[in-house]
Amino acid sequence: MNLDIRIATREDWPLLNQLYADMDGEPPLPSDDVEKILTEITQVPNYYIYIAFLNQQLVGTFSLLYAPTMMHRGYHKFAVLDAVTVISQMRGEGIGSQMVKAALQFSAEAGCYKVTLSSNLKRTRAHQFYQSLGFEQHGWSFKCLVQPSQ
């Protein structure tokens, strides 16, 4: 199975909306909300949403953010992998593996020295999936909810 993986364009936004809705079994967002959110995302430097097609059908997506850092005594970049999603009827077919491997390759080509991601503690199958692709648990992930001031 060969996936065609490319950066999503504005024309793909309705497809992304459907795919994200399928991920959680929720209805798609209103078009105006999608337009607002994805327009803001496109303003973030080095943030890319990739989409994967199989036989010209959208089957998955993931996002990568390439971030510079001065850690480890010098200039480095790392990638944050997020929103890895495969359409529900195609899960377990190897699509997610191919997408994550592509994300690792894209990150290396962008000059990143590591790729990080976070996963909910309850998602043990996802943890096994990421470990099978070479990811290791490293440290702890923390969050702090804040009230937006806007």
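Everything numeric here is computed off the predicted structure, so don't read it as measured data.

1. Details of helix α1 (residues 13–24)
Taking 1.5 Å per residue, twelve residues should reach 16 Å; α1 reaches 17 Å between its end C-alpha atoms and fits that length. Along α1, the residues classified as buried are Trp13, Leu16, Asn17, Leu19 and Ala21. The first or second residue beyond α1 is Gly25, which carries a positive phi of 65°.

2. A word on the pattern of salt bridges
Here the structure, examined in full by the defined rule, presents two salt bridges. A salt bridge links Arg6 to Asp12, with the shortest nitrogen-to-oxygen separation between them at 2.7 Å. Relative accessible area serves as the criterion here: at 5%, Asp12 is assigned to the buried category. The residue Glu35 makes a salt bridge to Arg10 at a minimum N-O spacing of 1.9 Å. In this pair, Glu35 sits in helix α2 (residues 31–42) while Arg10 sits in the loop between β1 (4–7) and α1, placing the two residues 25 residues apart along the sequence. On the accessibility criterion, Glu35 (33% relative accessible area) is partly exposed.

3. Some details on the sheet that holds strand β4 (residues 76–86)
On the basis of which strands lie adjacent, the open sheet formed by five strands has the order β1-β2-β3-β4-β5 and mixed pairing. Each edge of the open sheet is held by one strand with a lone partner, namely β1 and β5 (112–116). Geometrically, the sheet is characterised by an average inter-axis angle of 25° between neighbouring strands, direction not taken into account. Pairing geometry for β4 and β5, over three bridges, is parallel. Bridge pairing in β5 places Lys77 opposite Cys112. In the packing of α1 onto the sheet, the strands contacted are β2 (47–54), β3 (57–69) and β4, and the crossing angle to β3 comes to about 95°.

4. Looking at the nonpolar core
Across soluble globular proteins, nonpolar side chains have a tendency to be buried as a group. Core analysis: the biggest nonpolar cluster contains 33 residues, and Val59, Leu64 and Leu81 have the highest contact counts within it. Counting only elements with at least two residues in this core, the list comes to α1, α2, β2, β3, β4, α3 (95–109), β5 and α4 (124–132). Top contributing element to this core by residue count: β2, with six residues.

5. Here we look at the pairing of β2
Counting buried positions along β2 gives six out of eight residues, so the element sits mostly inside the fold. The pairing of β1 with β2 spans four bridges and is antiparallel. Across the sheet, residue Ile7 finds its bridge partner in β2, namely Tyr50. Across eight bridges, β2 lies against β3 in antiparallel orientation. Residue pairing across strands places Ile49 opposite Ser63, the latter belonging to β3. In this antiparallel pair of consecutive strands, β2 and β3, the connection spans two residues, and Asn55 shows a positive phi of 50°.

6. Digging into the packing of aromatic side chains
This structure, assessed with the given rule, holds seven aromatic pairs. Centroid distance Tyr48 to Tyr50: 6.4 Å. Interplanar angle 50°. Geometry classified as tilted. Residue classification places Tyr50 among the buried residues on the basis of a relative accessible area of 7%. Following the ring pairs from residue to residue traces out a cluster consisting of Tyr48, Tyr50, Phe62, Tyr66 and Phe106.

So, how was this worked out
Residues numbered from 1 in each chain as written. Predicted model: local features only at pLDDT ≥ 70, side-chain atom pairs only at ≥ 80, totals over all residues. Heavy atoms only, no water. Helix = DSSP H or I, 4+ residues; strand = E, 2+ residues; numbered from the N terminus. Expected span 1.5 Å × (residues − 1). Buried < 20%, exposed > 50% of the residue type's maximum accessible area, 1.4 Å probe, protein only. Salt bridge = Lys/Arg side-chain N within 4 Å of Asp/Glu carboxyl O. Pairing = 2+ DSSP bridges. Axes fitted to C-alpha atoms, helices over the stretch in contact; angles between N-to-C directions. Contact = heavy atoms within 4.5 Å. Core = buried A, V, L, I, M, F, W, Y, C linked by side-chain atoms within 4.5 Å. Phe/Tyr/Trp six-rings, centres within 6.5 Å; stacked < 30°, edge-to-face > 60°.

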